[in-house]
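What follows is each chain in one-letter form.
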Amino acid sequence: MTMATSQAALQVLSGSSPGHSLFDHCFKILSSGLPVESVNYRKKRGSGFAPLHYRLGMIGRYPFHSINGFSRGKAIVKRLVPMRCNCQWTENIRDETATEGRSVSLPINGLDNDKGDFALNGNLDAANSILGTVENSCSKSVEEEAWNLLRESIVYYCSNPIGTIAANDPTNSSTLNYDHVFIRDFIPSGIAFLLKGEYDIVRNFILYTLQLQSWEKTMDCHSPGQGLMPASFKVRTVPLEGDDSATEDVLDPDFGEAAIGRVAPVDSGLWWIILLRAYGKCSGDLSVQERVDVQTGIKMILRLCLTDGFDMFPTLLVTDGSCMIDRRMGIHGHPLEIQALFYSALLCAREMFAPEEGSADLLRALNNRLVALSFHIREYYWIDLKKLNVIYRYSTEEYSYDAVNKFNIYPDQIPPWLVEFMPNRGGYLIGNLQPAHMDFRFFSLGNLWSIVSSLATQDQSHAILDLIEAKWGVLVAEMPFKICYPALEGQEWRIITGSDPKNTPWSYHNGGSWPTLLWQLTVACIKMNRPELAEKAVELTERRISRDKWPEYYDTKRGRFIGKQARLFQTWSIAGYLVAKLLLANPGAAKTLVNEEDSELVNAFSMISANPRRKRGLKKQSFII
């Protein structure tokens, strides 16, 4: 392709002279030969070198080139000039309808492509070639920027990388706990490092967080349950006892006693087990999961979750705010997200268990729970058009072991929005189930991880993706992915959220769009051999997220606005995008995160489905008088 042809193509696409075209600007950048890789700046630590500690402050947040150096304390850092591609061609050329799966035709020289009235003397091929070049370059620059930001967020403990902070927003002076390392937030960061072949930070994270298990901290004189993992921790530098001139690093965990709402995390330990398995599969290093202290940590988490209580259901009973949705949102009871993670963690733990006599009872309880939990979720949480018609005609106040409406659900609970939302083809797992209550909201993480963990059947998994595809305009729209649908509004919002000013309708956890969910969507799509859905979502993300400075979440029904209280440079937004890109480039790597259902579970589930009610009878008992 000649330079003249290229410029002609740019002129055609922009509708203006080459000197004023965004494409011409991008073409000049691409043709200039400027390097796109950033300079890795480092700070000396002892006798070695390591990436700059986050507490020094982030100097550069985009791909950069060093110009000249200056000193700051004892560290020599570079003065950096941001360099990023400001190309916005996707929004200027592609119409919104492209996100809905329809092709978009561009008017050329006043002629409509749909009518076949164009003839550009060969320049159209040149234009398409440049479009592909610019698109690939923009995608690459976004990915490189993301890697730089992710590495800038790394936290060190005794000179070892131990995790990533939640967010590194220079525009917000109120850090709250966003400078902590959150277990759930680090999961996409850890997976990104594993897929990149950087295993040390994940290994350190697993072992150091294990030391924080069952911490002695209390809230109002009450200690957390044995086996509980913290929600987050912070590396603090404190004076060495007896020597004020020296300092030491300490890990300061938070089990919820300092968090907003004071709610302990149920999901931290479950995510920890899932990441531990992923580490072993990616690195091939099984010595970590075979360690005595790690095996003990797994068992402590399982005993905490498998402890018998007053609850009659095989699902975990938890309070509001105990998972990703960490504020009051009416998810107390048996939220789907926790059940999907619980099921996945049970499968992962069973796979990693070291055989020993003391584990026999725990392993038996684990297997029994897997069967009961899978039956319960698949049978009672599933809803599609057919099941909705059954609920619509439920009889209530049924007293018998053979009752159809086992949980006494009143048909009037079916919300009007669901009638319009439910497609003819597709379905999903509802958000919660309790006596006389079904939460019909669609919760994304729970449904996606039910696919990944095989908690949902093959047919149900495909149906969930069918629903996502059918309702793309509301669940994805302009930024993946809606955390739940629909949002609570009006009097319902005031009562259920307590008039939470952060969880206003279509914001934050109340129907906001969270880019970090992109990686769970990608794993689910790859597992079901439907990667085109994830590719479409990644393409949407790349159009805005870098320009918007990697926000925590987006507001409005279509995700058009940056969240009103969203932190910028949110680490798990960055990591979620990177994991999605890495998995789409190497789909086989998704096997390290997926749980395949084994034949024993399938057979056991089939037997229960055939006869779900066990015969009951009075047992003969002897009484001591």
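Owing to the predicted nature of the structure, the values given are computational and were not obtained by experimental measurement.

(A) Broad picture of the overall build of the protein chain. When helices and strands are counted, the protein chain shows 21 helices and 17 strands. The buried share of the protein chain, reckoned over its 625 residues, is 53%. Long-range contacts, defined here as pairs at least 24 residues apart, represent 69% of the contacts in the protein chain between residues at least 6 apart. Surface summary for the protein chain: the accessible area is close to 29400 Å², and the carbon and sulfur share equals 51%.

(B) View of the sheet that holds strand β8 (residues 232–240). In spatial order, the strands read β7-β8-β9; together these three strands make up an open sheet with antiparallel pairing. Of all the strands in the sheet, just β7 (181–182) and β9 (243–254) have a single pairing partner and so form its edges. Where β7 meets β8, two bridges bridge the pair, whose relative direction is antiparallel. Bridge assignment links Val-181 to a residue of β8, and that residue is Phe-233.

(C) Looking closely at unusual backbone geometry. The omega torsion of the bond from Pro-480 to Phe-481 falls at 0°, within 30 degrees of zero and hence cis. Looking at the element boundaries, Phe-481 is found in the loop between α16 (472–475) and β15 (484–485). The residue Ala-477 is not glycine, and still its phi comes out positive at about 55°. Position of Ala-477 among the secondary structure elements: in the loop between α16 and β15. Unusually for a residue other than glycine, Trp-506 sits at a positive phi of about 65°. Relative to the elements of secondary structure, Trp-506 occurs in the loop between α17 (490–497) and α18 (518–527). Given a relative accessible area of 10%, Trp-506 falls into the buried group.

(D) Just the side chain of Asn-405, in detail. Topologically, Asn-405 is positioned in the loop between α12 (385–392) and α13 (416–421). Polar contacts involving the side chain of Asn-405 include one to the main-chain carbonyl oxygen of Ile-409, which spans 2.8 Å. Once residues within four sequence positions are removed from consideration, Asn-405 is found in contact with Tyr-394, Ser-395, Thr-396 and Glu-398.

(E) Expanded view of the pairing of β9. Of the strand pairs in this sheet, β8 and β9 are connected by nine bridges, and their pairing is antiparallel. Each residue of the ladder has a partner; that of Thr-237, found in β9, is Asp-249. Turn length for the β8-β9 hairpin, with the two strands adjacent in sequence and antiparallel, is two residues, and the turn residue Gly-242 shows positive phi of about 90°.

(F) View of the packing of helix α10 (residues 336–352) against helix α11 (residues 360–381). For the pair α10 and α11, the least separation of the axes is 10 Å and the interaxial angle reads 145°. In the packing of α10 onto α11, the handedness of the crossing is left-handed. Counting all contacts with α10, which are made through Leu-336, Gln-339, Phe-342, Tyr-343, Leu-346, Leu-347, Ala-349 and Arg-350, the residues of α11 involved are Leu-363, Leu-366, Asn-367, Arg-369, Leu-370, Leu-373, Ser-374, Ile-377, Arg-378 and Tyr-381. The residue inventory of the contact of α10 with α11, partitioned by class, reads 12 nonpolar, three polar and three charged.

(G) Representation of α12 within the structure. Buried residues of α12: Lys-387, Leu-388 and Ile-391, and no others. In an axial view of α12, the angular spread of the buried residues amounts to 105°, which keeps them on one side of the axis. Summarising the geometry of α12, the exposed residues directed more than 90 degrees from the buried face are Lys-386 and Tyr-392. If you follow the buried residues of α12, they end up packed against α11, β10 (382–384), α13 and β13 (437–439).

(H) Molecular detail of the packing of aromatic side chains. Under the counting rule described, the total for this entry stands at 21 aromatic pairs. Centre to centre, the rings of Phe-421 and Tyr-485 are 4.9 Å apart; their planes meet at 25°, and the pair counts as stacked. Taken together, the residues Phe-421 in helix α13 and Tyr-485 in strand β15 connect sequence positions 64 residues apart. Residue Phe-421 is classed as buried on the basis of its relative accessible area, which comes to 3%. Centroid distance Tyr-485 to Trp-506: 5.8 Å. Interplanar angle 45°. Geometry classified as tilted. Within this pair, whereas Tyr-485 is found in strand β15, its partner Trp-506 is found in the loop between α17 and α18, the two being separated by 21 residues in sequence. Ring pairs connect the aromatic residues Trp-417, Phe-421, Tyr-428, Phe-442, Tyr-485 and Trp-506, which therefore count as one cluster.

(I) Geometry of the environment of Ile-430. Along the chain, Ile-430 falls in the loop between β11 (427–429) and β12 (432–434). For the pair Ile-430 and Gly-446, spaced 16 residues apart in sequence, the C-alpha to C-alpha distance is 9.0 Å. Apart from residues lying up to four places away in sequence, Ile-430 is in contact with Leu-336, Tyr-380, Tyr-381, Ile-383, Met-438, Asp-439, Phe-440 and Arg-441.

(J) Seen up close, helix α5 (residues 183–195). Across its 13 residues, α5 extends 18 Å between first and last C-alpha, which sits within 8% of the 18 Å expected from 1.5 Å per residue. Summarising burial for α5: 12 of the 13 residues are buried, a large majority. Buried within α5 are the following residues: Ile-183, Arg-184, Asp-185, Phe-186, Ile-187, Pro-188, Ser-189, Gly-190, Ile-191, Ala-192, Phe-193 and Leu-194. Just past α5, the residue Gly-197 takes up positive phi, approximately 85°.

(K) Spotlight on the nonpolar core. Trp-272, Ile-273, Ile-298, Leu-302, Tyr-428 and Ile-468 are the most contacted members of the largest nonpolar core, which totals 158 residues. In contact with Ile-298, other than residues within four places in its own chain, are Trp-272, Ile-273, Leu-276, Ala-349, Met-352 and Phe-353.

(L) Summary view of the side chain of Thr-504. Relative to the helices and strands, Thr-504 is located in the loop between α17 and α18. Reaching out from Thr-504, the side chain makes a polar contact with the side chain of Lys-564 at a distance of 2.5 Å. Residues in contact with Thr-504, not counting those within four places in the same chain, are Trp-493, Asn-510 and Lys-564.

(M) Expanded view of the environment of Ser-232. Position of Ser-232 relative to the elements: it lies in strand β8. Remark: the alpha-carbon pair of Ser-232 and Tyr-178, spanning 54 residues in sequence, is separated by 9.7 Å. When sequence neighbours within four positions are dropped, the list of residues in contact with Ser-232 reads His-180, Val-181, Phe-182, Asp-252, Pro-253 and Asp-254. Of note is the side chain of Ser-232, whose polar atom sits 3.1 Å from the side chain of His-180.

Cut-offs applied
Residues numbered from 1 in each chain as written. Predicted model: local features only at pLDDT ≥ 70, side-chain atom pairs only at ≥ 80, totals over all residues. Heavy atoms only, no water. Helix = DSSP H or I, 4+ residues; strand = E, 2+ residues; numbered from the N terminus. Buried < 20%, exposed > 50% of the residue type's maximum accessible area, 1.4 Å probe, protein only. Contact = heavy atoms within 4.5 Å. Areas by Shrake-Rupley, 256 points an atom, 1.4 Å probe, with all protein chains shown as cover. Pairing = 2+ DSSP bridges. Polar contact = N/O pair within 3.5 Å; in protein donor to acceptor, adjacent residues only side chain to side chain. Axes fitted to C-alpha atoms, helices over the stretch in contact; angles between N-to-C directions. Left-handed = near helix turned anticlockwise from the far one by under 90°. Nonpolar A, V, L, I, M, F, W, Y, C, P; charged D, E, K, R; others polar. Arc of directions from axis to C-beta. Phe/Tyr/Trp six-rings, centres within 6.5 Å; stacked < 30°, edge-to-face > 60°. Expected span 1.5 Å × (residues − 1). Core = buried A, V, L, I, M, F, W, Y, C linked by side-chain atoms within 4.5 Å.

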